[in-house]
Amino acid sequence: MLSDKLYYEVQDEDLALQAMQVAEEKLNIKKVKQKEMIKNKETFLKQVALMPELSRNKLSLVLHYTLQLIFLTKQNLLKILVTTI
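Values in this document were obtained by computation on a predicted structure and should not be read as measured data.

(A) Looking closely at the overall build of the protein. In terms of regular secondary structure, the protein is built from three helices and zero strands. Here the protein holds 85 residues, and 2% of them are scored as buried. For the protein, the centre of its 13 positive side-chain charges and the centre of its 10 negative side-chain charges are spaced 18 Å apart.

(B) Geometry of the confidence of the model for the protein. Here the protein averages 82 in pLDDT, and 96% of its residues register 70 or above. Mean pLDDT across the elements of the protein bottoms out in helix α3 (residues 53-84) (79) and peaks in helix α2 (residues 16-50) (86).

(C) The arrangement of a nonpolar patch on the surface in detail. On the surface, Leu2, Leu6 and Met20 cluster together into a nonpolar patch covering about 270 Å² of accessible area. Mapped onto the elements, Leu2 comes out in helix α1 (residues 2-10). The class of Leu2 is exposed, set by a relative accessible area of 62%.

(D) How the structure looks around the environment of Leu61. Position of Leu61 among the secondary structure elements: in helix α3. Leu61 sits 11 residues away from Leu50 along the chain, and the two C-alpha atoms are 17 Å apart.

(E) Quick peek at the environment of Lys39. Note that Lys39 resides in helix α2. On the accessibility criterion, Lys39 (57% relative accessible area) is exposed.

The rules we used
- Residues numbered from 1 in each chain as written.
- Predicted model: local features only at pLDDT ≥ 70, side-chain atom pairs only at ≥ 80, totals over all residues.
- Heavy atoms only, no water.
- Helix = DSSP H or I, 4+ residues; strand = E, 2+ residues; numbered from the N terminus.
- Buried < 20%, exposed > 50% of the residue type's maximum accessible area, 1.4 Å probe, protein only.
- Lys, Arg positive; Asp, Glu negative; His and termini not counted.
- Charge placed at Lys NZ, Arg CZ, Asp CG, Glu CD.
- pLDDT = per-residue confidence, 0-100.
- Patch = residues over 30% accessible without salt bridge, like charges linked within 9 Å, V, L, I, M, F, W, Y side chains within 5 Å.
- Areas by Shrake-Rupley, 256 points an atom, 1.4 Å probe, with all protein chains shown as cover.
- Salt bridge = Lys/Arg side-chain N within 4 Å of Asp/Glu carboxyl O.

Right under this line is the structure:
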């Protein structure tokens, strides 16, 4: 069991309880952030679905060219790195 593994790892540590409490807080923060990201994604998708088709097409083009730019930038950075090594 995971709790047994955690206990075994920290049982002799002086600050084990505080460390576990900090870890619990981090897990809770991560869980909240994940829920917010999912909610934001769902909201975005709902807004896109409500857009007129022309606006969706424009958005699609913008996303397409943005991804191309990111890809080309990565390729250029790799070329620069390879040629300088």
